[in-house]
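Here's the letter readout for the chains.
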Amino acid sequence: MTGSLELSRNLARDYRAALLDAADRAMLDYCVRLSAAPLGADEGVEHLRAVGFDDRAILDICQVAAYYNYVNRLADGLGVELESYWEDEDLTMTRVEFDQHVHDRRAASDGT
């Protein structure tokens, strides 16, 4: 989708380290805030407008982020695992990185 496997992988690992324009950075910052602390996320709407997003685009951003949060919470809540047939070259992060990410998320939610 980006045309760059490197950019996709950087985005999957830590979007803050990727080379992005101001609008893309603001969009991702908003999505992270919406995911982590939704009650304060509306404060980012004005910043999205300031970098060029109109109301429809902001609604689209919010809906897509909310949808992925919903789907990921379903998968996490049901213990859905990544299918074994996926190869590292098919993924934006390796299976080892993905497993470490899952481990880190579980540890953070357990407080360990």
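See the structure shown above.
Keep in mind that this is a model prediction, so the values were computed, not measured.

1. Examining the overall build of the protein
Piece 1. Assigned secondary structure in the protein consists of five helices and zero strands.
Piece 2. When the helices and strands of the protein are read in sequence order from the N terminus, they spell out α-α-α-α-α.
Piece 3. C-alpha extents for the protein along the principal axes are approximately 40 × 35 × 25 Å.
Piece 4. Within the span of the protein, comprising 112 residues, buried residues form 20% of the whole.
Piece 5. A sequence separation of at least 24 residues applies to 40% of the contacts in the protein between residues at least 6 apart.
Piece 6. Counting only carbon and sulfur atoms, one obtains 57% of the accessible surface of the protein, whose full area is about 8,300 Å².
Piece 7. The centroid of the 11 positive side-chain charges in the protein is displaced by 2 Å from the centroid of its 22 negative side-chain charges.

2. A closer look at the packing of helix α2 (residues 22–36) against helix α4 (residues 55–78)
Each pair of packed helices can be described by the angle between their axes along with the distance between the axes.
Piece 1. Packing of α2 against α4 brings their axes to within 10 Å, and their N-to-C directions diverge by 45°. In this view, α2 runs oblique relative to α4, as classed from their interaxial angle. As α2 packs across α4, the resulting crossing turns out to be right-handed. Touching M27, Y30, C31, L34 and S35 of α2 are I61, C62, A65, A66, N69 and R73, all from α4.
Piece 2. Tallied by class, the residues present in the contact of α2 with α4 amount to eight nonpolar, two polar and one charged.

3. A short note on the pattern of salt bridges
As a working rule, side chains carrying opposite charge can pair if their charged atoms are close by.
Piece 1. The tally for this structure, following the rule as stated, stands at five salt bridges.
Piece 2. With a closest N to O distance of 2.9 Å, D14 and R16 form a salt bridge.
Piece 3. Here the residues in one salt-bridge network are E46, R49 and D55, joined through shared partners.

4. Some points on the nonpolar core
Piece 1. Ranked by size, the top nonpolar core spans twelve residues in total: A23, A26, Y30, C31, L34, A41, V45, L48, F53, I58, I61 and A65.
Piece 2. Contributions of two or more residues to this core are made by α2, α3 (45–50) and α4.
Piece 3. Counting residues per element, this core draws most heavily on α2, at five residues.

5. Here's the deal with α2
Piece 1. Between the first and last C-alpha of α2 there are 21 Å, a value that for 15 residues agrees with the 21 Å anticipated at 1.5 Å per step.
Piece 2. In this fold, the buried residues of α2 make contact with α3 and α4.
Piece 3. If you check the start of α2, you find a side-chain oxygen 3.2 Å away from the backbone N of A23, and it comes from D21.

Cut-offs applied
- Residues numbered from 1 in each chain as written.
- Predicted model: local features only at pLDDT ≥ 70, side-chain atom pairs only at ≥ 80, totals over all residues.
- Heavy atoms only, no water.
- Helix = DSSP H or I, 4+ residues; strand = E, 2+ residues; numbered from the N terminus.
- Buried < 20%, exposed > 50% of the residue type's maximum accessible area, 1.4 Å probe, protein only.
- Contact = heavy atoms within 4.5 Å.
- Areas by Shrake-Rupley, 256 points an atom, 1.4 Å probe, with all protein chains shown as cover.
- Lys, Arg positive; Asp, Glu negative; His and termini not counted.
- Charge placed at Lys NZ, Arg CZ, Asp CG, Glu CD.
- Axes fitted to C-alpha atoms, helices over the stretch in contact; angles between N-to-C directions.
- Parallel < 35°, antiparallel > 145°, perpendicular 65-115°, else oblique.
- Left-handed = near helix turned anticlockwise from the far one by under 90°.
- Nonpolar A, V, L, I, M, F, W, Y, C, P; charged D, E, K, R; others polar.
- Salt bridge = Lys/Arg side-chain N within 4 Å of Asp/Glu carboxyl O.
- Core = buried A, V, L, I, M, F, W, Y, C linked by side-chain atoms within 4.5 Å.
- Expected span 1.5 Å × (residues − 1).
- Polar contact = N/O pair within 3.5 Å; in protein donor to acceptor, adjacent residues only side chain to side chain.

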